[in-house]
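Overview (structure and organization)
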Amino acid sequence: MGFSYILQPMHTIITTSYRTAAKFISNNETTAFPTETVYGLGANAFESTAVKKIFIAKGRPSDNPLIVHVAEVDQIPSVASSMPRYAEKLVEEFFPGPLTLVLPKNKKIAMNVTAGLLTVGVRIPNNPIAKKFLKECGVPVAAPSANISGSPSPTTWQAVKNDLNGRIPCILKGNPSRIGVESTVLDCTGSAPVILRAGGITLEQLRKIIPATRLQKHQGAIPKSPGLKYRHYSPFAYVFIVSSMKETVPLKSSAYIGLHSNENNNFGLKKICRTEEEYARSLFHFFRECDKKNIETIYCESVSEAGIGLAIMDRIRKASYQ
Ligand code: AMP
Ligand code: MG
């Protein structure tokens, strides 16, 4: 019968047991789980029928590839067929952590994971619950962020519930994500690494290990990272990037997030962060809080594009495209 793509509402269990969550992966179902970047929505990366459920639950375009997560370095060959010497160095230095390496794909990884590409993104999260969960799964787990496609990534289990309750069978509960923005996606298929998406590991950190690391500047006709062409991370409100609070119109229906404050308290919501790390950690949560309060305009203070600032500016720019 047709219409199999229409999602039947389902009961969502919320659990603190990584074993319970891992059973859903074994049964070719999906489960959300915490990581240090953002919460992920996982499925067995070897099984296309399981992976398909991720795309349906999120409403994610099928040409946007997923990152594959494993528990241990010795599982990487089951995901990627080879890696250059410089990528081995990066694994030694940054795994587990907020870095995804794009490498030639192992044939065993389902084609819908990579959206038909012959490369695959692989990462080992550095979050105690994620590690235990992935170890228990025993298979590589394909997982994009656990939000409805286009909305801000979830940094708490409550945010996952808000978006996906009734659309996925399980949420593994953990703490709020420590980093709060996604991993750095690094193309390792050429002679030197290229950052496709800025994230938790900075360009400066990467250059200390591989000095030739560069930023992907312009996307070609066929983007190397297909997901980058979509609108992302967007709250309902209009997002404006400002260089200081002076450029804003403080109203109850507007909100401000940044590093500096004057005494203006007329905003419906205001978040002044002590560090750029706190800014990154708070950004998506702040967007979601603004949506709950029906904020119409969000002002985001710009930061310099150094360190984690590169990822912050990338996310607020993408959120501001309407
Ligand atoms: P998400 O996990 O929702 O943050 O999305 C994962 C992102 O990683 C995608 O939007 C892609 O931009 C990128 N990505 C995953 N796999 C690949 C790949 N094989 N080649 C290039 N980019 C990838
Ligand atoms: Mg995402």
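The present account deals with the structure reproduced in this document.

Criteria and thresholds
Residues numbered from 1 in each chain as written. Chains lettered and ligands numbered in written order. Predicted model: local features only at pLDDT ≥ 70, side-chain atom pairs only at ≥ 80, totals over all residues. Heavy atoms only, no water. Pairing = 2+ DSSP bridges. Helix = DSSP H or I, 4+ residues; strand = E, 2+ residues; numbered from the N terminus. Axes fitted to C-alpha atoms, helices over the stretch in contact; angles between N-to-C directions. Contact = heavy atoms within 4.5 Å. Parallel < 35°, antiparallel > 145°, perpendicular 65-115°, else oblique. Left-handed = near helix turned anticlockwise from the far one by under 90°. Nonpolar A, V, L, I, M, F, W, Y, C, P; charged D, E, K, R; others polar. Buried < 20%, exposed > 50% of the residue type's maximum accessible area, 1.4 Å probe, protein only.

Attention now goes to the sheet that holds strand β15 (residues 297-301). Spatial ordering of the open sheet is given by β12-β15-β13-β14, a layout of four strands whose pairing is parallel. Both outer strands of the open sheet, β12 (238-242) and β14 (269-272), are each paired with one neighbouring strand and no more. Taken over all neighbouring pairs, the strand axes of this sheet differ in orientation by 15° on average, direction set aside. Where β12 meets β15, five bridges bridge the pair, whose relative direction is parallel. Across the sheet, residue F240 finds its bridge partner in β15, namely Y299. Each of β12 and β15 is contacted by helix α8 (residues 309-320), which is oriented at about 135° to β12, the strand it contacts most.

At a closest axis distance of 9 Å, the pairing of helix α1 (residues 18-26) and helix α4 (residues 128-137) adopts a crossing angle of 45°. It follows that α1 is oblique to α4 by the angle criterion. Read as a crossing pair, α1 and α4 show a hand that is right-handed. On α4, the residues that touch Y18, R19, A21, A22 and I25 of α1 are K132, F133, E136 and C137. Across the contact of α1 with α4, the residue classes tally to six nonpolar, no polar and three charged.

Here the focus is unusual backbone geometry. Look at the link from F95 to P96: it is a cis peptide, with omega at -5°. Relative to the assigned elements, P96 resides in the loop between α3 (85-94) and β5 (99-104). In this structure, N294 is a non-glycine residue whose phi angle is positive, near 55°. Within the secondary structure layout, N294 lies in the loop between α7 (276-292) and β15. Classification of N294 as exposed rests on a relative accessible area of 61%.

So, on to helix α2 (residues 48-58). Buried residues of α2: A50, V51, I54, F55, A57 and K58, and no others. On its buried side, α2 packs onto β3 (40-44), β7 (141-142) and α5 (157-164).

Let us look at the packing of α7 against α8. Axes are the key here: two packed helices are described by the angle between their axes and the distance separating the axes. At a minimum axis separation of 9 Å, α7 and α8 run at an interaxial angle of 20°. Classed by the angle they form, the pair α7 and α8 counts as roughly parallel. Along this stretch, α7 crosses α8, giving a crossing that reads as left-handed. Between α7 and α8, the residues in contact are E276, Y279, A280, L283, F284 and F287 and G309, I312, R315, I316 and A319, respectively. Class assignment of the residues belonging to the contact of α7 with α8 gives a composition of eight nonpolar, one polar and two charged.

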